[in-house]
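The primary structure of each chain is shown beneath.
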Amino acid sequence: DYSILHLLSSLNRISRKKISPHFISPRPGDVMRTWADISKAKKLLGFTPEVSFKEGLVRTFTWFREKSC
């Protein structure tokens, strides 16, 4: 399971920054929990992820950093 706080912590490590979360009250329509699951894709399509969550985040961060320069 990956929470938004886990994502922020991971991005802080990757970027070598210390960004603190800013908590606000929920807004109408906000999704409080999701249950993303790839088991059906695995079963029907034989899908298996090629990179880990961490590696995918590093690649995504690197791509955005390179494109913004």
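In case you missed it, the structure is sitting above this.
Residue numbers run consecutively from 1 along every chain, following the written order of its sequence. Local features in a predicted model are, by the rule used here, given only for residues with pLDDT of at least 70; side-chain atom pairs are given and counted only at 80 or more, and totals for whole chains, interfaces and linings are based on all residues. Excluding hydrogens and water, the side-chain values take into account all heavy atoms of the structure.

**Topic: the overall build of the chain**
Each helix is a run of H or I in the DSSP string that is no shorter than four residues. Each strand is a run of E no shorter than two, and both are numbered from the N terminus. Scanning the chain from N- to C-terminus turns up 3 helices and 0 strands. Counting from the amino terminus, the chain carries its helices and strands in the arrangement α-α-α. Along the first, second and third principal axes, the C-alpha set of the chain runs to 40 × 35 × 20 Å. Burial classes: relative accessible area under 20% of the type maximum marks a residue as buried, over 50% as exposed, and values in between as partly exposed (1.4 Å probe, protein chains only). When the 69 residues of the chain are sorted by exposure, 6% land in the buried category. Carbon and sulfur atoms form 58% of the exposed surface of the chain, whose accessible area is close to 6800 Å². Only four residue types enter the charge count, namely Lys and Arg as positive and Asp and Glu as negative; His and the chain termini do not. By convention, charge coordinates are those of NZ in Lys, CZ in Arg, CG in Asp, or CD in Glu. In the chain, 13 side chains carry a positive charge and 6 a negative one; their mean positions are 5 Å apart. Per-residue and other accessible areas follow the Shrake-Rupley method at a 1.4 Å probe size, with only the shown protein chains counted as cover for residues.

**So, unusual backbone geometry**
A positive phi angle is found at R16, which is not glycine, with a value near 60°. Relative to the helices and strands, R16 is located in the loop between α1 (4-15) and α2 (39-45).

**Quick word on the pattern of salt bridges**
The salt bridge definition used is simple: a Lys or Arg side-chain nitrogen within 4 Å of an Asp or Glu carboxyl oxygen. Applying the stated criterion across every chain, the model contains 2 salt bridges. In this structure, R27 engages D30 in a salt bridge whose closest nitrogen and oxygen atoms are separated by 3.3 Å. We classify R27 as exposed; its relative accessible area is 53%. Residue D30 is classed as partly exposed on the basis of its relative accessible area, which comes to 32%.

**A few points about a nonpolar patch on the surface**
Together, I38, L44, L45 and F47 make up an exposed nonpolar region whose accessible area comes to about 420 Å². Along the polypeptide, F47 turns up in the loop between α2 and α3 (53-67). Overall, F47 belongs to the partly exposed group, its relative accessible area being 38%. Candidates for patches are residues over 30% relative accessible area with no salt bridge; among them, like charges are joined within 9 Å and nonpolar side chains (Val, Leu, Ile, Met, Phe, Trp, Tyr) within 5 Å.

**Notes on the packing of aromatic side chains**
When two rings of Phe, Tyr or Trp (its six-membered ring) have centres within 6.5 Å they constitute a pair, described as stacked for plane angles under 30 degrees, edge-to-face for angles over 60, and tilted for the intermediate range. All told, the structure shown has 2 aromatic pairs when counted by the stated rule. Look at Y2 and F53: their rings are 3.9 Å apart centre to centre, the planes differ by 15°, and that puts the pair in the stacked class. Of this pair, Y2 sits in the segment before α1 while F53 sits in helix α3, and the two are 51 residues apart along the sequence. Ring geometry for W63 versus F64: centroids 4.9 Å apart, planes at 85°, classification edge-to-face. According to the relative accessible area criterion, W63 is partly exposed, its value standing at 45%. Its relative accessible area of 53% is what places F64 among the exposed residues.

**Let's talk about the environment of V58**
Secondary-structure assignment places V58 in helix α3. For V58, a relative accessible area of 27% translates into the label partly exposed. For the pair V58 and Y2, spaced 56 residues apart in sequence, the C-alpha separation works out to 15 Å.

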